[in-house]
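Structure at a glance
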Amino acid sequence: MEELSLAMKSYLSLGTNLGDRELYLEKARDLLHNPPLCEIIQVSKILNTKAMDFTNQPDFLNQVIEIETILQPLELLNFTQSIESKIGRLKRFDKGPREIDIDILLYESVDELDSERLTLPHHSIDSRPFIIKLLEEIKKSPKLGE
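Report follows, based on the coordinates. (Residues numbered from 1 in each chain as written. Predicted model: local features only at pLDDT ≥ 70, side-chain atom pairs only at ≥ 80, totals over all residues. Heavy atoms only, no water.)

**Describing the layout of surface pockets**
Just so we agree on the cut-off: For cavity detection a 1 Å grid was placed over the protein atoms alone, and a set of points counts as a cavity when a 1.4 Å probe fits there but cannot get out; an open set counts as a pocket when protein lies on both sides within 12 Å along at least five of seven lines, with lining residues being those that have an atom within 4 Å of a point. Grid points are joined across faces, edges and corners, and a volume is the space filled by probe spheres set on the points. Segments assigned H or I by DSSP are reported as helices when at least four residues long, segments assigned E as strands when at least two residues long, and all are numbered from the N terminus. Three residue categories are used. Nonpolar comprises Ala, Val, Leu, Ile, Met, Phe, Trp, Tyr, Cys and Pro, charged comprises Asp, Glu, Lys and Arg, and polar comprises the others, including Gly.
In this structure, the largest pocket spans a volume of roughly 810 Å³. Every residue lining the largest pocket is counted, 38 residues in all, and those nearest its centre are Lys 95, Arg 98, Asp 101, Asp 103 and His 122. The set of elements that each furnish at least two residues to the lining of the largest pocket consists of strand E1 (8–16), strand E4 (60–69), helix H2 (73–87), strand E5 (101–107) and helix H4 (129–140). Per-element tally for the lining of the largest pocket: the top contributor is E5, with four residues. Residues that form the lining of the largest pocket fall into these classes: 14 nonpolar, eleven polar and 13 charged.

This is how it looks when you write it as structure tokens:
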């Protein structure tokens, strides 16, 4: 008999432009991979990108990951924000430099969500071409462990 899975697929973006950027991305992936709450299925390559909105800051390293999670969208948001805090993210100002930023881009069972805390799909999909590029990359690649 096949086991029913309550896990949903979601895509997250990871970004960092302060300190040891590669280490922050690694820590974020390590903390996100927390079965059964969240399991990383696929990771994109890491891209170096210029800051877009507030441009007087260091370049970003960006990555997109595919996960499976039993967390609902707002629970997932709480989980990702707790990881940002554990890594040491300081909120300086909107669109400013950050140690780590974890955004929920898409969530499998949600076509559209517009709440005070979370908007799905995430607005950066349309405004940041590198997000589309990284999403396309992991959707075409074989899954981890295959």
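Let's pick the thread back up.
**Notes on the side chain of Asn 62**
The criterion, for reference: Two N or O atoms form a polar contact when they lie within 3.5 Å of each other; inside protein one atom must be a possible hydrogen donor and the other a possible acceptor, and for residues adjacent in sequence the pair counts only when both atoms belong to side chains.
Considering the arrangement of structural elements, one finds Asn 62 in strand E4. Polar side-chain contacts of Asn 62 include one of 2.5 Å to the side chain of Thr 49.

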